Amino acid sequence: MRYSQFFPQTLKEAPKDEVAVNAKYLIRGGYIDKLMAGSYTLLPLGMRVVQKINQIIREEMNKTGAQELLMPLLHPKEIWNETGRWDSASEVMYQFEKNDKEYALSFTHEEIVMDLIRKHTSSYKDLPIKVYHFSTKFRNELRAKSGILRGREFMMKDLYSAHFSEEDLMEYYWKVADAYLEIFKRIGIDVKIAEASGGVFTTSHTHEFQALCEVGEDTIYHKEGWKFWKNKEVMTEEELSDPDVKSAQAIEVGNIFPLGTMYAEKMSALFTDQDGSKKPVWFASYGIGPTRVMGTLVEIFHDDKGIIWPEAVAPFQVHLIGLHEKADSVYHNLLEAGVEVLYDDRWDTNAGTKFADADLIGIPVRLVVSTKTLSAGSGQAGTAMIEWKKRDSDKTELLTFEEVLARI
Ligand code: ATP
Ligand code: MG
């Protein structure tokens, strides 16, 4: 992709009201645009990062046997009344009236999935069901000051599973927990599993996937010998005053909920078991916020010049800076080799600005083709040299095109 044609270009300043590092760098770098507090556009660069995150999630979800679908975001009041959440979750849910009918914008999808399950399940042979989607969630977040870590509108991958027994549910539940650990490992985030309470979702314990980060809103606790970390809400007074318990700030990037049979009972999602009796399905839900994950990566991986993306989710593999027209042929050769390149071909822009933009945008590898690099290769007939630099290092090296390809 030629940067001269890229929409939009970098900005010198972030909006004054943005205090979070993730929002400042993502806005200046051209990844997101702020419409209002808690509401952001994913610009082409940001979209590429989120699509990479989503693809990793998708691959790991599919490995668990889950299937992707897409559910609506506009919900009738009646479905939320079936579980009582129209009232109990009214603080978080955007509710409104139109033509004498009441609606909500989706803040989650348990009720909608349960409706699908009761329509399409009759026997234990139809179970288990494992479905997920990537879609927008709307939540009336009171504090929307953390950039894309806490949007009022944000992207979520939510998976739902329905089972014929508690045992089958819990076996899949822990399989998904493992899939989550693999997802975050591939993305490049070190996560801890923390026990937490279920909020408006369930009265039993849930498990959060917490990325350690100083600016995280959550405090999590751990003590030698504990299997999991614990969220503040589940800590006893005694545990809180134990000097052997350590605490850390963290960002919740995922959360899984073993919901049991409560939703199925309230919504009559029943199946006929092997013995002929009718039973409610066992149900669980599992969320990850890809846009929050993108913000978390920026909070963890940045320096005073900009973002430093982990390779797996960087918007491009290589940032090629053209300071000489011969960079054009390097660009074409990289494309031909299947490399994802952002090519800074702005001939009216000075080198300093191009380097600063590359640091801000944060692609893992920077290549430069200039008069200097070309003359360095003049000894070997026809071999132009290219300057190689990693975003997370100050070391530059002169390499041949073949050497560059071998390293990407
Ligand atoms: P929090 O406690 O941070 O408000 P939550 O527990 O309400 O989050 P869940 O309902 O568990 O969130 O949602 C699943 C995932 O969706 C979260 O783990 C997080 O990654 C993401 N998420 C939740 N709320 C937001 C938000 N306001 N903005 C961006 N991502 C969010
Ligand atoms: Mg949560």
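Note: the structure precedes this text.
About the criteria used
Residues numbered from 1 in each chain as written. Chains lettered and ligands numbered in written order. Predicted model: local features only at pLDDT ≥ 70, side-chain atom pairs only at ≥ 80, totals over all residues. Heavy atoms only, no water. Near = heavy atom within 4 Å. Polar contact = N/O pair within 3.5 Å; in protein donor to acceptor, adjacent residues only side chain to side chain. Areas by Shrake-Rupley, 256 points an atom, 1.4 Å probe, with all protein chains shown as cover. Helix = DSSP H or I, 4+ residues; strand = E, 2+ residues; numbered from the N terminus. Nonpolar A, V, L, I, M, F, W, Y, C, P; charged D, E, K, R; others polar. Axes fitted to C-alpha atoms, helices over the stretch in contact; angles between N-to-C directions. Parallel < 35°, antiparallel > 145°, perpendicular 65-115°, else oblique. Contact = heavy atoms within 4.5 Å. Buried < 20%, exposed > 50% of the residue type's maximum accessible area, 1.4 Å probe, protein only. Donors = N, O, S within 2.8 Å, 3.2 Å for Na, K, Ca; no water.

Caption draft 1: Seen up close, the site of ligand 1. As a structural note, the neighbourhood of ligand 1 is formed by 16 residues, with Glu-141, Arg-150, Gly-151, Glu-252 and Arg-292 the closest of them. One of the side-chain nitrogen or oxygen atoms of Glu-141 is found 2.8 Å away from a nitrogen atom of ligand 1. Here an oxygen atom of ligand 1 and a side-chain polar atom of Arg-292 are 2.9 Å apart. Taking 590 Å² as the accessible area of ligand 1 by itself, protein coverage stands at 87%. Elements that contribute at least two residues to the shell around ligand 1 include exactly strand E8 (153–163) and strand E13 (246–260). In terms of residue count, the dominant contributor to the shell around ligand 1 is E13 (5 residues). Of the residues contributing to the shell around ligand 1, the split by class is 7 nonpolar, 4 polar and 5 charged.

Caption draft 2: Spatial organisation of the packing of helix H1 (residues 21–28) against helix H9 (residues 290–300). Relative to each other, H1 and H9 sit at 100 degrees, their axes nearing to 8 Å. One finds that H1 runs roughly perpendicular with respect to H9. Judged by residue contacts, Val-21, Asn-22, Tyr-25 and Leu-26 of H1 engage Met-294, Gly-295, Val-298 and Glu-299 from H9. Here the residues of the contact of H1 with H9 sort into 5 nonpolar, 2 polar and 1 charged.

Caption draft 3: Focus on the environment of Lys-175. Locating Lys-175 in the fold gives a position in helix H6 (residues 166–187). In this structure Lys-175 comes out as partly exposed when scored by relative accessible area, which is 42%. A sequence separation of 23 residues divides Lys-175 from Arg-152, and the C-alpha atoms of the two residues are 30 Å apart.

Caption draft 4: Local environment of the coordination of the magnesium ion (ligand 2). Looking at the metal site, the magnesium ion (ligand 2) is ligated by Glu-252 (OE), Glu-252 (OE) and Asn-255 (OD1), spaced 2.1 to 2.6 Å from it. We classify Asn-255 as buried; its relative accessible area is 10%.

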